[in-house]
Amino acid sequence: MTRENMTRRGFVGLAGAAALALAGCSSSGASDGSAKKDGGSSAAGSSSQGSSSSSSTDASSDGLWAPEDGDPYAAGTHHASIEVEGLGTIEVALNANVAPITVANFCRLANEGFYDGLTFHRVIEGFMIQGGDPKGDGTGGSDQCIKGEFTQNGVSNPISHVRGTISMARSSDFDSASSQFFIMHATNTSLDGKYAAFGNVTSGLEVVDAIAEQTPVQDSNGTVASADQPRISKVTVVD
C-alpha cells in the first residue's frame with residue numbers, strides 16, 4: 001500500500017480511542033471509535049476496554065477520573081521518555097497548563113508501569129502512530145476514562161496537531177479517553193479542537209519516523225499484526 005493511499009484513509013478504528021479516537025474504558029463499554037484523518041470519528045465495533053493495573057480511584061462527580069487537588073502533574077510542564085524496543089527513545093514535553101487532567105492521567109499510568117511492555121498497534125505513515133492499549137488490538141485501555149480536554153468538549157486547548165504532537169485517542173464519546181495515545185507523524189490541523197493534544201516530542205522524532213515508515217500494516221486503517229507491533233519497553237516520567 002502506498003504512502004499516499006495510506007494517508008488518504010481515515011482512522012476508521014483508531015485502536016480503541018487512542019491516536020485521534022480511542023475506545024471507552026472497561027467500565028463504560030464504549031464503542032471502539034476511531035479518529036479519521038479529516039478529524040472526524042466513527043464507531044467501529046463495540047467492545048469494552050481491558051482493565052488496567054491502575055489502583056487510583058480518584059473520580060469526579062460524573063464518574064470520570066480526575067487528579068486530586070495538589071497533584072504535582074496537574075500544572076506546569078513535565079517531561080517523559082518513551083523507550084521503544086530496538087528503535088530508541090522518544091522524549092516528550094507534557095503541557096499540564098493546557099491539559100491538566102490528561103497529563104496527570106498519563107503520568108499516573110506511566111508511574112504505575114501501565115505502559116511498560118505495551119505496543120504501537122496502529123500505524124499510518126504520514127499521519128500518526130498509536131499505542132497504549134493493553135489488549136494490543138484497539139479495544140483495550142485503563143479502567144477509568146477522563147474528560148476530553150479539547151474545544152469541542154468545552155475546554156480551550158490551543159495545542160495544534162503538528163508533527164510530533166502527542167494526543168489522546170477516544171471514541172465518539174468525548175469523555176472516553178483512558179490510556180491510548182497517538183503521536184503525529186505529520187501535521188494534520190483538522191484534528192485541532194477535536195482531540196486532547198497534551199504535549200510534543202522534544203527528541204526522538206527519528207524513532208517516530210522509523211515506526212511510521214518501517215512497520216508493516218495489514219490494511220489502510222493502519223492495523224498492525226501482533227508480531228509486528230513495535231514494543232514500548234518503558235515509559236518514564238522524568239519530572
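Further up the page is the structure itself.
Below: a short report on this structure. Keep in mind that this is a model prediction, so the values were computed, not measured. (Residues numbered from 1 in each chain as written. Predicted model: local features only at pLDDT ≥ 70, side-chain atom pairs only at ≥ 80, totals over all residues. Heavy atoms only, no water.)

With that settled, consider the pairing of strand S9 (residues 165-168). Every second residue of S9 is oriented toward a common face, with Thr165 and Ser167 on one face and Ile166 and Met168 on the other, all of them buried. One ladder, built from 3 bridges, connects S9 with strand S11 (residues 197-203); its direction is antiparallel. The residue bridging Ile166 from the neighbouring strand is Gly199, located in S11. (Buried < 20%, exposed > 50% of the residue type's maximum accessible area, 1.4 Å probe, protein only. Helix = DSSP H or I, 4+ residues; strand = E, 2+ residues; numbered from the N terminus. Pairing = 2+ DSSP bridges.)

Moving on to the sheet that holds strand S12 (residues 232-237). Pairing in this open sheet of 8 strands is antiparallel, and the strands run S7-S8-S10-S9-S11-S6-S5-S12 from one edge to the other. Strands with a single pairing partner mark the edges of an open sheet, and in this sheet they are strand S7 (120-124) and S12. For this sheet, the mean inter-axis angle between neighbouring strands, taken without regard to orientation, is 25°. Where strand S5 (residues 77-84) lies against strand S6 (residues 88-95), 8 bridges are found, and the strand directions are antiparallel. Each bridged residue has a counterpart across the sheet, and for His79 the counterpart in S6 is Ala93. Packing of helix H3 (residues 205-214) onto the sheet brings it into contact with S5, S6, S7, strand S8 (128-131), strand S10 (181-184) and S11, and relative to S6 it is tilted by some 115°. (Axes fitted to C-alpha atoms, helices over the stretch in contact; angles between N-to-C directions. Contact = heavy atoms within 4.5 Å.)

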